[in-house]
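So the chains spell out like this:
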Amino acid sequence: MKTFPAIVFLLLSTTAYSDVVKVKDSKTGTVELVKTRSFSLVKNADKKVYTKSDINRIVKLASIKNKVDEKLIHAVIKAESSYKKNAISKVGAAGLMQLIPATATRFGVTDRFDVKQNIDGGTKYLKFLLNTFKNTPLAVAGYNAGENAVIKYNYKIPNYPETKNYVKVVMENYTTE
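Residues numbered from 1 in each chain as written. Predicted model: local features only at pLDDT ≥ 70, side-chain atom pairs only at ≥ 80, totals over all residues. Heavy atoms only, no water.

**Overview of the pattern of salt bridges**
Here's step 1: Going through the model one piece at a time under the given rule, you end up with six salt bridges.
Here's step 2: Between K65 and D120 there is a salt bridge, and its shortest N-O distance comes to 3.1 Å. Highlighted residues: K65 in helix 1 (residues 52–66) and D120 in helix 4 (residues 115–133), separated in sequence by 55 residues.
Here's step 3: Looking at D120, the relative accessible area reads 13%, which means it is buried.
Here's step 4: Between R106 and E147 there is a salt bridge, with its nearest N and O atoms 2.8 Å apart. One end of the pair, R106, is in helix 3 (residues 101–106); the other, E147, is in helix 6 (residues 147–152), with 41 residues separating them in the sequence.
Here's step 5: Owing to a relative accessible area of 42%, R106 belongs among the partly exposed residues under this scheme.
Here's step 6: Residue E147 is classed as buried on the basis of its relative accessible area, which comes to 13%.
Here's step 7: One continuous salt-bridge network, built from bridges that share partners, spans K65, D120 and K124. (Salt bridge = Lys/Arg side-chain N within 4 Å of Asp/Glu carboxyl O. Helix = DSSP H or I, 4+ residues; strand = E, 2+ residues; numbered from the N terminus. Buried < 20%, exposed > 50% of the residue type's maximum accessible area, 1.4 Å probe, protein only.)

**Overview of unusual backbone geometry**
Here's step 1: Unusually for a residue other than glycine, K67 sits at a positive phi of about 55°.
Here's step 2: Within the secondary structure, K67 sits in the loop between helix 1 and helix 2 (70–81).
Here's step 3: The exposure class of K67 is exposed, given its relative accessible area of 66%.
Here's step 4: One non-glycine residue, N154, lies in the positive phi region at around 55°.
Here's step 5: Tracing the backbone shows N154 in the loop between helix 6 and helix 7 (161–176).
Here's step 6: Here N154 falls in the exposed class, since its relative accessible area comes to 60%.

**Focus on helix 2**
Here's step 1: Taking 1.5 Å per residue as the helical rise, helix 2 with its 12 residues ought to reach 16 Å, and the 16 Å between its terminal C-alpha atoms agrees with that figure.
Here's step 2: Residues of helix 2 that are buried include every one of L72, I73, H74, A75, V76, I77 and S81, and no others.
Here's step 3: Residues of helix 2 that are buried in the fold lie against helix 1, helix 4, helix 5 (136–145) and helix 7.
Here's step 4: For helix 2, the N-terminal capping position is held by D69, with its side-chain oxygen 2.9 Å away from the main-chain nitrogen of K71.
Here's step 5: Once helix 2 ends, the next one or two residues include S82, with phi positive near 50°. (Expected span 1.5 Å × (residues − 1). Contact = heavy atoms within 4.5 Å. Polar contact = N/O pair within 3.5 Å; in protein donor to acceptor, adjacent residues only side chain to side chain.)

**Quick word on the nonpolar core**
It is characteristic of soluble globular proteins that their nonpolar side chains tend to be buried jointly.
Here's step 1: Ranked by internal contacts, the top residues of the largest apolar core, which has 35 residues, are L72, I73, V76, M97, I119, L126 and Y143.
Here's step 2: Every element with two or more residues in this core is listed here: helix 1, helix 2, helix 4, helix 5 and helix 7.
Here's step 3: In terms of residue count, the dominant contributor to this core is helix 4 (seven residues). (Core = buried A, V, L, I, M, F, W, Y, C linked by side-chain atoms within 4.5 Å.)

**Remarks on the confidence of the model for the chain**
Here's step 1: The share of residues in the chain with pLDDT of 70 or more is 73%, and the mean pLDDT across the chain is 81.
Here's step 2: Here residues 1–26 is a poorly scored stretch, pLDDT under 50, and it has 64 contacts once near neighbours within four places are set aside; other chains count.
Here's step 3: The low-confidence segment residues 30–44 (pLDDT under 50) makes 43 contacts with residues lying over four places distant or belonging to another chain. (pLDDT = per-residue confidence, 0-100.)

**Some remarks on the layout of surface pockets**
Unfilled space is identified by rolling a water-sized probe across the atoms.
Here's step 1: Approximately 460 Å³ is the volume attributed to the largest pocket.
Here's step 2: Together, 20 residues line the largest pocket, and E80, V91, A93, N144 and E162 are the ones closest to its centre.
Here's step 3: Those elements that provide at least two residues to the lining of the largest pocket are helix 2, helix 3, helix 5 and helix 7.
Here's step 4: Broken down by element, the lining of the largest pocket gets its largest block of residues, four residues, from helix 5.
Here's step 5: Considering only residue class, the lining of the largest pocket consists of nine nonpolar, six polar and five charged. (1 Å grid on protein atoms, 1.4 Å probe; cavity = no way out; pocket = protein on both sides within 12 Å on 5 of 7 lines; lining within 4 Å. Points joined across faces, edges and corners; volume = space filled by probe spheres on them. Nonpolar A, V, L, I, M, F, W, Y, C, P; charged D, E, K, R; others polar.)

Okay, structure coming up:
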């Protein structure tokens with residue numbers, strides 16, 4: 001692809017990750033859409049590079065603060081984002097623990113890409129679910145499908161293929177961590 005001086009604009013809001021950018025050739029004025037893997041902007045992206053040790057320390061602190069087993073927190077992070085701090089799902093969940101905006105707000109997270117806030121908020125949500133259902137697999141199902149889905153299914157794992165698989169994966173990760 002030909003490179004040229006350009007002004008770059010995001011087509012989507014800067015609160016979302018986008019691989020598609022609008023590029024304007026400053027000489028001809030031609031505008032084209034470009035898809036690129038090397039260009040990403042995330043509003044308020046946490047630019048710090050976190051080592052495995054850093055993540056482990058943050059998880060340990062959230063575990064102690066919220067009284068949630070750190071192995072469970074790690075199992076959820078692994079299933080949700082594979083430890084990619086700037087991950088965004090197709091439904092808009094963001095960060096290591098893939099918080100949707102409503103859940104983030106509910107648990108005091110103002111920046112879903114801030115690793116500490118994301119882990120703390122996700123752990124608070126896990127704690128809420130564990131207290132609500134008094135059962136780890138149901139709490140995990142609630143984390144994936146929402147607590148109302150678990151309630152709707154009479155306090156059983158909702159009959160959604162994605163949720164059933166999610167619970168299986170998280171519980172396997174949890175018991176092998």
